[in-house]
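# Structure assessment
Here is what each chain is made of, one letter per residue.
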Amino acid sequence: MLAFVEHRYPALWPWIQLMRLDRPIGSMLLMWPTLWALWIAGGGTPSLKHIVIFVLGVFVMRAAGCVINDFADRDFDGHVTRTRGRPLATGALSARQALMLFAALGLIALGLVLCLNRFTLVLSFGGLGLAVLYPFTKRFTYLPQLFLGAAFSWAIPMAFAAETESVPEIAWLLFTTNLLWTVAYDTEYAMCDREDDLKVGIKSTAILFGDLDKVMVGALQVLTLVALFVLGQRLGFTWPWYLGLAGMAAGFAHQQWRIRYREPWPCFHAFLSNHWAGASVFAGLYFQYLLAAPGP
């Protein structure tokens, strides 16, 4: 479908690239923890309305985040091998066009959240603030991945607020868990660009961790699994949940093997495989509630 659009409507292609609609992995990494939160908050039967709104919101806000990220990095992307073909770096689109698109996506996101309760609406402004702030943190701190983790986790308290009109302690445990996981996989992503980032002055956890990068990624992955284990204990989950965690653990082990030489493309593919880790946890969660449901 996207290949058809690129060939038939080439003027649209830079816009699609700017929103990363041609690379949906980021949306999937944002979607899985959002679905975890909806299923837990809804006790296995979340509102269909909320599922639709949050899934649409994931894609809209991820697109908006990519637009503002490229706007912030427009003077740097041309000097980084992996990003030099992005529309703002090549001049296919202007900074003004990027800001107009960001505003349009923000209005769409606002329209979606207006369909939810007031508490969720109030929380949504925190998510917008994090989305705007994150791209600029790469100039000032070696921990931009921490801000990305917060941005990618903000849908979790919003999902609980939408389903229950509250944000209980378990929601913040899930928030922290996803933050740890995000820092781990985005460090793998940053390992791809480390040499170029050092040249242009972009900061990241991959640079901060240095020779301890693989160890730190592994430690964050272990902490993610421990936090999910604790969450399962708190909620009284049984074997389907832990089978899902086992799938995530196997994925993490494979990622460690992929990043062992710190080569850019294997690190990038390790990052991509986190989609399956998140899907494994959701599968365990889904069947946990499905099999625990009382019969007719």
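Conventions and cut-offs
Residues numbered from 1 in each chain as written. Predicted model: local features only at pLDDT ≥ 70, side-chain atom pairs only at ≥ 80, totals over all residues. Heavy atoms only, no water. Patch = residues over 30% accessible without salt bridge, like charges linked within 9 Å, V, L, I, M, F, W, Y side chains within 5 Å. Areas by Shrake-Rupley, 256 points an atom, 1.4 Å probe, with all protein chains shown as cover. Salt bridge = Lys/Arg side-chain N within 4 Å of Asp/Glu carboxyl O. Helix = DSSP H or I, 4+ residues; strand = E, 2+ residues; numbered from the N terminus. Buried < 20%, exposed > 50% of the residue type's maximum accessible area, 1.4 Å probe, protein only. Phe/Tyr/Trp six-rings, centres within 6.5 Å; stacked < 30°, edge-to-face > 60°. Axes fitted to C-alpha atoms, helices over the stretch in contact; angles between N-to-C directions. Parallel < 35°, antiparallel > 145°, perpendicular 65-115°, else oblique. Left-handed = near helix turned anticlockwise from the far one by under 90°. Contact = heavy atoms within 4.5 Å. Nonpolar A, V, L, I, M, F, W, Y, C, P; charged D, E, K, R; others polar. Expected span 1.5 Å × (residues − 1).

## Some thoughts on a nonpolar patch on the surface
Judged by side-chain polarity, Trp239, Leu243, Tyr286, Phe287, Leu290 and Leu291 come together as a nonpolar surface patch covering roughly 660 Å² of accessible area. Listed by contribution, the elements that provide at least two residues to the nonpolar patch are helix H14 (239–258) and helix H16 (274–292). Broken down by element, the nonpolar patch gets its largest block of residues, 4 residues, from H16. Assignment of secondary structure puts leucine 243 in helix H14. Look at leucine 243 and you get exposed, because its relative accessible area is 55%.

## Here's the deal with the packing of aromatic side chains
Per the stated rule, a full pass over the model turns up 18 aromatic pairs. Centre to centre, the rings of tryptophan 39 and tyrosine 286 are 6.4 Å apart; their planes meet at 50°, and the pair counts as tilted. Of this pair, tryptophan 39 sits in helix H3 (residues 25–41) while tyrosine 286 sits in helix H16, placing them 247 residues apart in sequence. The buried category is assigned to tryptophan 39, whose relative accessible area is 11%. An angle of 40° between the planes, with centres 6.2 Å apart, marks the rings of phenylalanine 282 and tyrosine 286 as tilted. Here the residue phenylalanine 282 and the residue tyrosine 286 both occupy positions in helix H16, the gap between them amounting to 4 residues, near one helical turn. Taking the relative accessible area as the measure of exposure, phenylalanine 282 reaches 13% and is therefore buried. Residue tyrosine 286 is classed as partly exposed on the basis of its relative accessible area, which comes to 35%. An aromatic cluster of three or more residues is present, and its members are Trp36, Trp181, Tyr185, Tyr189, Trp265, Phe268 and Phe271.

## Some details on the pattern of salt bridges
Note that side chains of opposite charge can pair when their charged atoms are close. Within this structure, the stated rule accounts for 9 salt bridges. When the shortest N-O distance is used, the salt bridge between arginine 139 and aspartate 73 registers 3.1 Å. Here arginine 139, found in the loop between helix H7 (118–137) and helix H8 (144–153), pairs with aspartate 73, found in the loop between helix H4 (48–72) and helix H5 (87–90); they are 66 residues apart in sequence, far enough to count as distant. Overall, the relative accessible area of 5% leaves aspartate 73 in the buried class. Here glutamate 169 ties to arginine 234 by a salt bridge, and the two come within 3.6 Å at their closest N and O atoms.

## Considerations on the packing of H3 against H4
How two helices sit against one another is set out by the angle between their axes and by the gap between those axes. Where H3 meets H4, the closest approach of the two axes is 9 Å, and the angle between their N-to-C directions is 150°. On the basis of their axis angle, the class for H3 and H4 is roughly antiparallel. Judged by the sense of rotation from one axis to the other, the crossing of H3 with H4 is right-handed. Seen from H3, the contacting residues are Gly26, Ser27, Leu30, Met31, Thr34, Leu35, Leu38 and Trp39; seen from H4, they are His50, Ile51, Phe54, Val55, Val58, Phe59 and Arg62. Considering only residue class, the contact of H3 with H4 consists of 10 nonpolar, 4 polar and 1 charged.

## Section: H16
For H16, which comprises 19 residues, the first-to-last C-alpha distance of 27 Å matches the rise-based estimate of 27 Å (1.5 Å per residue) to within 8%. Within the span of H16, buried status applies to Asn274, His275, Ala277, Gly278, Ala279, Ser280, Val281, Phe282, Gly284, Leu285, Gln288 and Tyr289. Buried residues along H16 sit against H3, helix H10 (169–192), helix H13 (213–235), H14 and helix H15 (264–272).

## Observations concerning the packing of H10 against H15
In the contact formed by H10 and H15, the axes pass within 8 Å of each other and the chain directions differ by 155°. With respect to H15, the axis of H10 lies roughly antiparallel. Note that H10 runs across H15; the crossing there is left-handed. Mapping the contact onto sequence places Tyr185, Glu188, Tyr189, Met191 and Cys192 in H10 and Pro264, Cys267, Phe268, Ala270 and Phe271 in H15.

## Some points on unusual backbone geometry
Even without being a glycine, arginine 20 presents a positive backbone phi close to 60°. Relative to the assigned elements, arginine 20 resides in the loop between helix H2 (13–18) and H3. Overall, the relative accessible area of 10% leaves arginine 20 in the buried class.

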